[in-house]
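Close look at the chain arrangement
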Amino acid sequence: MAVEKMKVFGMIGSIKDMNKALRLALIDGSIHMINALSYLNSSNFMMPPSEENVEALKEMPFLKPITKRRDFTNDEKVIKKLLEVFDLKETLKLKYLEEDYDYDKYIEELNMIYKQIESKVDELDKKNKEIDKLKAYMSNLEHLKYFNIDINMLTNLKYLSFKLISLSRENFKKLQKNYDNVPAIVKRLDDHDGNIILYAITPKVLNETVERIFSSLNYTELELPKDYSGNSMQVISIINDIIIAKKKEIDDIIDSIKDIKREYLKTVKAAYTRLSVEKKIEEMKTDIAYGNNLFFMFGYVPVNRIEGLKKMLYDSIGGGILLIDEDAKNLMPAITPPTHLKNNWLFKPFETLVKMYGVPTYNEKDPTPFFAITYMLLFGAMFGDVGQGLIGFLGGLLLNKKMKNSNFGGILERLGLTSMIFGILYGSVFGSEKIIPALLLRPMLNINTMLLSAVVLGIILITIGFVYGIYNSKLNKNIKEGIFGRNGITGLVFYWDLLITALCVVNGTYKYIELQVIIMVVCLILMLFKEPLSNILMKSKKLYNEPVSDYYVEEGFGVIETILSMVSNTISFIRVGAFALNHVGLYVAFATMANMMNTRAGSILMLIIGNVVIIGLEGLIVFIQALRLEFYELFSKYFIGDGIEYEPVHLNFTYEYRRAKRETRKLKLSKQAYSLLSFIPFT
């Protein structure tokens, strides 16, 4: 439950081994690339002079970026045709990269295979296009099936031209309004795929005028076959026989290349995977530097993946490659490590919601666990119901099963569970409070308690947020914000002093009110002068990092905002209690309407409709309101969110054991569901 530790990983090797090394790095899928020249030119990179580093040190003054990109257009054309002829799908499989290969030689082999079947492939394309055209003729002739007229005569009129036309409904209506201006006989025939099919008979001398009118209506001409005698149904029969004959010719061509398919099937199967890898390698090269003999590559790799990556590279390339790793914490601020969140199965889905706000910086405490716990708590408190929570839980399980990216399903599962737990505490099942007793309280019977408890909960969460923020400032060695900032120690003291003062005023206790006011004023002064004070503590040469007047204007408004925001943030949590009451009130409204129904069936239907509205509409509103409390009232206290997400270069390979992985995942989900259900205190 933390930000995973990173190391800077470097590869320096012979240019002839570059593609192989990059391929292996891509297969490993753990390297988040950084620009090699930027890293080498920064003060972070230090290579001690030694015998094994001599060649690399010689090359460093002459390094340059790789700017030329390889063109894969012809490779893609050949591979696409071969996959089509060999009836293979475009799949990425890791097993096709296991054996060592030279991509250029491999492409030469594919070109040789393609040349053997190129003429036959062209013939197949030609015949397939002919069949498509004939099928289009058949489809168009269907619109004339009720006319006993010779198609050959119709398409070869001497003084007239016959056109079969398709228009959208809107444009057909425009045509109807202007029939008088069209120098042609126009007749509607059919409706097809939302369009109107019609024919137009025009004197050939007026073709240009009619063409201009129909063009303005964005028409499509449905082509008819020429040189076929007979009515439409007879011509369709003739064309159908021709299609059957051409399909037989296609089958004969396919049979003639079966021997080639059998011989080269294994080679062609690997084509799409290897092409995809080479294209990705070309993308990786944009961050690589090279000299006369060596290439330099750098990236971030999680600490627990370093040794495995090194072993794979050494085993495949040998001692000809120099591998470097350095702790990310030792880097200068200019090089920002990416953030890879590492959470257990309970908190993992909530990373999606955290990233909606921002990605934690590398030196920042991962907010996901605290966010997950508080978000479930807030949602459950506002939407506490056993039955409706169970629907949400089952909906989450269904989403997990149907969707590959099951983060939202996982969130829904957990929110449904907390809703069920609070439903038991409130004694609510599908809105009814008559089925089970309340283990804690009934919201509508304890309105003041609900609202006061919500505010107290807000105070506790805000205080934890302050502590979280102070800890993050300590991690980042930010004295200014950690000690004197409004979300630091000074802000926390001011917040609690403000709360105590307000409580004293409400209770009429004014004994220490002057001291409390003095403490608040001192805190506000410390916040106002936080920059010069922090610079003094840090023994900086400058007291201010910006013009003094600009600083005090900005911080003056900041102090006013601090007072207002601390009050509003606390009061904002009253919505937790308000929505808990609203949840009950909405059900009462539907229950009242159900009682007004004349039949039992009508009452039951009204209650079902009510629960659907509550689950769908109110559930969404509570989801958003809980998110708002997290983002505005809590994240603002402790979460910066300016990090860079860890995005290693990789491809989504399809593994042969995917089915086994899927079964394992199902078993894991079942165990998780059982674990979640076991938390419910059924009595």
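To start, this report covers the structure provided alongside it. (Residues numbered from 1 in each chain as written. Predicted model: local features only at pLDDT ≥ 70, side-chain atom pairs only at ≥ 80, totals over all residues. Heavy atoms only, no water.)

Moving on to the pairing of strand β6 (residues 185–192). Bridge count for β6 against strand β7 (residues 195–203) is seven bridges, and the pairing is antiparallel. Its bridge partner being in β7, Val 186 is matched across the sheet by Ala 200. Counting the residues in the hairpin turn of β6 and β7 gives two residues, including Asp 193, whose phi is positive at 55°. (Pairing = 2+ DSSP bridges. Helix = DSSP H or I, 4+ residues; strand = E, 2+ residues; numbered from the N terminus.)

Side chains of Ile 483, Ile 489, Val 493, Tyr 512, Leu 515, Ile 519, Leu 537 and Met 538 sit close together on the surface and give an oily, nonpolar patch of about 720 Å² of accessible area. Within the residue set of the nonpolar patch, elements represented by two or more residues are α19 (489–507) and α20 (513–528). Note that Tyr 512 resides in the loop between α19 and α20. (Patch = residues over 30% accessible without salt bridge, like charges linked within 9 Å, V, L, I, M, F, W, Y side chains within 5 Å. Areas by Shrake-Rupley, 256 points an atom, 1.4 Å probe, with all protein chains shown as cover. Salt bridge = Lys/Arg side-chain N within 4 Å of Asp/Glu carboxyl O.)

Quick look at unusual backbone geometry now. Although it is not a glycine, Lys 477 sits at a positive phi angle of roughly 55°. Mapped onto the elements, Lys 477 comes out in the loop between α17 (447–475) and α18 (479–484). Not every positive phi belongs to a glycine, and Lys 539 is a case in point at roughly 60°. Residue placement: Lys 539 occurs in the loop between α21 (530–537) and α22 (548–572).

Before going further, it helps to examine the packing of helix α5 (residues 103–141) against helix α10 (residues 258–269). The interhelical angle for the contact between α5 and α10, taken along N-to-C directions, is 155°, at an axis separation of 11 Å. Regarding the angle of α5 to α10, the classification is roughly antiparallel. You can see that α5 and α10 cross each other, and the crossing is left-handed. For the pair formed by α5 and α10, the contact residues are Tyr 106, Glu 109, Leu 110, Met 112, Ile 113, Gln 116 and Ile 117 on the first element and Ile 260, Tyr 264, Thr 267 and Val 268 on the second. (Axes fitted to C-alpha atoms, helices over the stretch in contact; angles between N-to-C directions. Parallel < 35°, antiparallel > 145°, perpendicular 65-115°, else oblique. Left-handed = near helix turned anticlockwise from the far one by under 90°. Contact = heavy atoms within 4.5 Å.)

Quick look at the nonpolar core now. By size, the foremost hydrophobic cluster in this structure holds 56 residues, and its most contacted members are Phe 350, Leu 353, Phe 371, Tyr 375, Leu 378, Phe 573 and Val 576. For this core, the leading source of residues is helix α24 (residues 600–638), giving 10 residues. Core analysis: the next-biggest nonpolar cluster, separate from the first, contains 53 residues, Met 18, Leu 97, Val 268 and Val 277 among them. (Core = buried A, V, L, I, M, F, W, Y, C linked by side-chain atoms within 4.5 Å. Buried < 20%, exposed > 50% of the residue type's maximum accessible area, 1.4 Å probe, protein only.)

Every buried residue of α10 is accounted for by Ile 260, Tyr 264, Thr 267 and Val 268. For α10, the angular spread of the buried residues around the axis is 85°, confining them to a single face. Across from the buried face of α10, at angles greater than 90 degrees, the exposed residues are Arg 262 and Lys 266. Contacts from the buried residues of α10 go to α4 (73–85), α5 and α11 (271–284). (Arc of directions from axis to C-beta.)

This model, assessed by the stated rule, comprises 28 aromatic pairs. On the numbers, 4.9 Å between centres and 70° between planes, the contact of Tyr 357 with Phe 635 is edge-to-face. Taken together, the residues span a long stretch of sequence, with Tyr 357 in helix α13 (residues 351–357) and Phe 635 in helix α24 at a distance of 278 residues. Classification of Tyr 357 as partly exposed rests on a relative accessible area of 32%. (Phe/Tyr/Trp six-rings, centres within 6.5 Å; stacked < 30°, edge-to-face > 60°.)

Our focus in this paragraph is the pattern of salt bridges. One pass over the full model with this rule turns up 32 salt bridges. For Asp 191, the salt bridge identified is with Arg 188, shortest N-O distance 2.7 Å. According to the relative accessible area criterion, Asp 191 is partly exposed, its value standing at 36%. Lys 311 is the partner of Asp 315 in a salt bridge, and the nearest nitrogen-oxygen pair spans 2.9 Å. Note that Asp 315 and Lys 311 are positioned in helix α12 (residues 303–317) at a spacing of four residues, about one turn of the helix.

On to the sheet that holds β7, then. Here we have four strands laid out as an open sheet, ordered β6-β7-β5-β8, and antiparallel in their pairing. What marks the edges here is a single partner per strand, and that holds for β6 and β8 (220–221). Lying on the sheet, helix α7 (residues 169–177) is in contact with β5 (160–168), β6 and β7; it crosses β5 at an angle near 130°.

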